[in-house]
Amino acid sequence: MPSLGDIALIFWGTLRRKRLSLFWFALSAGAFHWLVAVSFPAIGGTEAVTSVVRTFPDGLRTLLKLAPNLQAGFGVQDYLAFTWIHPLFIGLGAAFVVSRATGGLTAEIERGSIYLVLSRPVQRSSFVLGKAVEMIFGAGVIALAAWLGLVIGVQVLPYELPLGNYLLAAGMASLLFAALGGGAFFIASCFSRAALSDAFGAAWTIVAFVLDVIPAVAASPLAWINPWHHYFPQAIVATGAIDPFGVAILLAWLCGGVAAAVAVFGRRDLA
Amino acid sequence: MIPPAISLAHVSKRYGTLDAVTDLNLTVAAGEVLGFLGPNGAGKTTTIRLLLGFLRPSAGSVRLLGHDMTDAAASLHARSRAGYVPDVAGLDPAATGLWLLDELARLQRRSPVDRDQLVDALELRAQDLRRPMGRLSRGTRQKINLIQGMQHRPDLLILDEPTEGLDPLAKRALFGLLRQAHARGATIFFSSHVLSEVEDLCDRVALIRRGRLVAVDRIDDLRAHMQRRVTVQLSRDADEAEAQLARLPDMTALQRTDDRWHFLAGDLPAVLRLLATLPVEDVIIEPPSLEDVFLQYYRPEPPHHA
């Protein structure tokens, strides 16, 4: 059984070492959401945004997950909800979790620093779990920073917005990133070279995203397996509710990925 | 009965078709200092990683301080009493030495009782421990690497090329610290390719070549098995001397400089019998240095009497 004390030590040590990197990721997410909010009047307000969205071809609408029922009245609320699936934001979150998976497992082997830890009475499972907890914590911090940026940004807008709903969207975003991180951890546990782990981790997040916007795949009976399939921030903001099934699938990806990483990492050669 | 500190029984490690180490059999008694010698790529680091459970053997068993290192739970007990100084520590350049040492001490679950003594002996300054390791010299980082492996006073110390990057004063200080550790009963497994270090410190040496142990013995016993270095000075030129010397059994490296003949001889009685028939003015018979031993084992065809 992994030791909670060791998990906490690994988590804290990793967080302390990587705090600056997490700070910049979080600041970027917060600044992006703040900028989108404060620039809304400057780009022409509701009218301009709605007219632009109506010009989008179907393929682009699908790619941006613009829900058909929301397109008719694409106002500030939808516009700000859209930022939660903007390529910059999801790219930031995906890059964070992939970098944490590679940095936490593969790069530690490549650098040799893992031998300092695992030559001590620390189980490999505790090591992986400590790193995973830091990844989950970081994903939460990034999503929270994005929400805070949005909250600060909308103060200049003359609209009443459901900020609690955006917080739910932020929670779902952090869960999505953590789910992608679970897969990335599993990938990282299989490699000893950081470049390969990064490449396959990035490929996993991108391929999964692209599969979910291919209509034939997204409409197939197995579409629910894809973590991206359960991330629909505009619907969360509009309804103020989260799909429990989607939450369960994302949690399954997170727990399954980390459990698989623990299993692989626990049995493999560390060299 | 105290179990051996290290026990390798028929241990092999294979990567696909590559045999990294083959059929290693090695026992290191508690309290012993063993030098583990071999050229680069011979399998020293692979053996150490097998010892610590980082690698799983393809065959055979590895026991450390009596615990099976392929058993995750049992290996924790062994690792709690061991200290490891890796050849490449990969110290985080952003972390300070002090922070790293504290973190590793907490994970060790043993108090860093010897840290202050080690810091003093290795002449580390307090400010060096408070600076990010990326700004420290290689030698200073290696001192921190040594301290992390020794600060908790381990019963078994495994060192992989520990003098890399150290200046002569720091090397001397390290050997003093290792002798102290040995004196209080610690077992030391010292991997190196620097023969003089091993010669000064170790009770026994194990020589590894292309993944196989070619000799495990006391240094003196290894020397006893080896050819002596013989220098003969003849009082007058003896035309037939070279041919007679060349016919000596187990003789190699015959060279002549002026009136002196130099060679390595394995059969001393035969040498003495021959010299009695020659006009010898002076003769010097030296035991082989550890370097001679090393070189003889690492010739293309190693001796088979180990």
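Since we're looking at a predicted model, the values are computed, not measured. (Residues numbered from 1 in each chain as written. Chains lettered and ligands numbered in written order. Predicted model: local features only at pLDDT ≥ 70, side-chain atom pairs only at ≥ 80, totals over all residues.)

Draft legend 1. Layout of the overall build of chain B. A tally of regular secondary structure across chain B gives 12 helices and 14 strands. Along the first, second and third principal axes, the C-alpha atoms of chain B reach 75 × 45 × 40 Å. In chain B, 70% of the contacts between residues at least 6 apart in sequence involve partners at least 24 apart. (Helix = DSSP H or I, 4+ residues; strand = E, 2+ residues; numbered from the N terminus. Contact = placed C-beta atoms within 7 Å.)

Draft legend 2. Inspection of the domain arrangement of chain B at higher detail. Under the domain assignment, chain B is made up of domain 1 (6–222) and domain 2 (227–287). Using only C-alpha atoms to locate each centre, domain 1 of chain B and domain 2 of chain B end up separated by 43 Å. (Domains from an automatic or database assignment.)

Draft legend 3. Just the sheet that holds strand β11 (residues 228–234) of chain B, in detail. Residues and elements named next belong to chain B. Taken together, four strands build an open sheet; the order of strands is β12-β13-β11-β14 and the sheet is antiparallel. Both outer strands of the open sheet, β12 (251–257) and β14 (280–286), are each paired with one neighbouring strand and no more. On average, each strand axis in the sheet is inclined to that of its neighbour by 15 degrees, with strand direction left out of account. The sheet contact formed by β11 and strand β13 (residues 260–265) spans six bridges and is antiparallel. Its bridge partner being in β13, Q233 is matched across the sheet by R260. (Pairing = 2+ DSSP bridges. Axes fitted to C-alpha atoms, helices over the stretch in contact; angles between N-to-C directions.)

Draft legend 4. A look at the nonpolar core. In terms of nonpolar packing, the biggest core is built from 145 residues, with V97(A) and I158(B) touching the most fellow members. The dominant element in this core, judged by the number of residues it contributes, is helix α10 (residues 163–189) of chain A, at 16 residues. Residues within four places of V97(A) in sequence aside, it is in contact with M135(A), A139(A), F177(A), L180(A), G181(A) and A184(A). Listed in part, the eight residues of the second largest apolar core include V230(B), V232(B), L245(B) and F263(B). (Core = buried A, V, L, I, M, F, W, Y, C linked by C-beta atoms within 7 Å. Buried ≥ 20, exposed ≤ 12 C-beta atoms within 10 Å, placed from the backbone.)

Draft legend 5. View of the interface of chain A and chain B. Residue-level contacts link 19 residues of chain A with 26 residues of chain B. At the level of elements, α1 (4–17) and α8 (114–118) of chain A are the ones that each hand at least two residues to the side of chain A that touches chain B. Residue composition of the side of chain A that touches chain B, by class: nine nonpolar, five polar and five charged. (Nonpolar A, V, L, I, M, F, W, Y, C, P; charged D, E, K, R; others polar.)

Draft legend 6. Molecular detail of the packing of helix α7 (residues 87–111) of chain A against helix α9 (residues 124–153) of chain A. Residue and element names in this part refer to chain A. It is at 10 Å that the axes of α7 and α9 come closest, and there the two elements cross at 160 degrees. By the criterion of interaxial angle, the relationship of α7 to α9 is roughly antiparallel. The interaxial crossing formed by α7 with α9 has right-handed handedness. Contact with α7, carried on its side by F89, L92, G93, F96, V97, R100, A101, G104 and L105, involves V128, K131, E134, M135, G138, A139, I142 and A146 of α9 and no other residues of that element. (Parallel < 35°, antiparallel > 145°, perpendicular 65-115°, else oblique. Left-handed = near helix turned anticlockwise from the far one by under 90°.)

Draft legend 7. Representation of the packing of helix α2 (residues 19–38) of chain A against α9(A) within the structure. Residues and elements named next belong to chain A. One can describe the packing of α2 onto α9 by two numbers: an axis separation of 7 Å at closest approach and a directional angle of 30 degrees. Between α2 and α9, the angle falls in the class roughly parallel. The element α2 and its partner α9 pack so that their crossing is right-handed. For the contact of α2 with α9, the residue count by class is 18 nonpolar, five polar and no charged.

Draft legend 8. Representation of the confidence of the model for chain B. The predicted model of chain B averages 89 in pLDDT, with 96% of residues at 70 or higher. Taken over the whole predicted complex, pTM reads 0.87, whereas the ipTM for its chain interfaces reads 0.84. (pLDDT = per-residue confidence, 0-100.)

Draft legend 9. Quick look at the environment of F177(A). Residues and elements named next belong to chain A. With respect to the element layout, F177 can be found in helix α10. Under the C-beta neighbour-count criterion, F177 is labelled buried, with 32 such atoms within 10 Å. Along the backbone, F177 and A95 are 82 residues apart, and their C-alpha atoms lie at a distance of 9.2 Å. Once residues within four sequence positions are removed from consideration, F177 is found in contact with G93, A94, F96, V97 and A139.

Draft legend 10. Molecular detail of the environment of G201(A). Residue and element names in this part refer to chain A. By secondary structure assignment, the location of G201 is in helix α11 (residues 194–213). For G201, a count of 28 C-beta atoms within 10 Å corresponds to the buried category. Considering only alpha carbons, one finds G201 and H33, 168 residues apart in sequence, at a separation of 26 Å. Filtering out sequence-adjacent residues up to four positions away, G201 remains in contact with V98, A101, T102, A184, I187 and A188.

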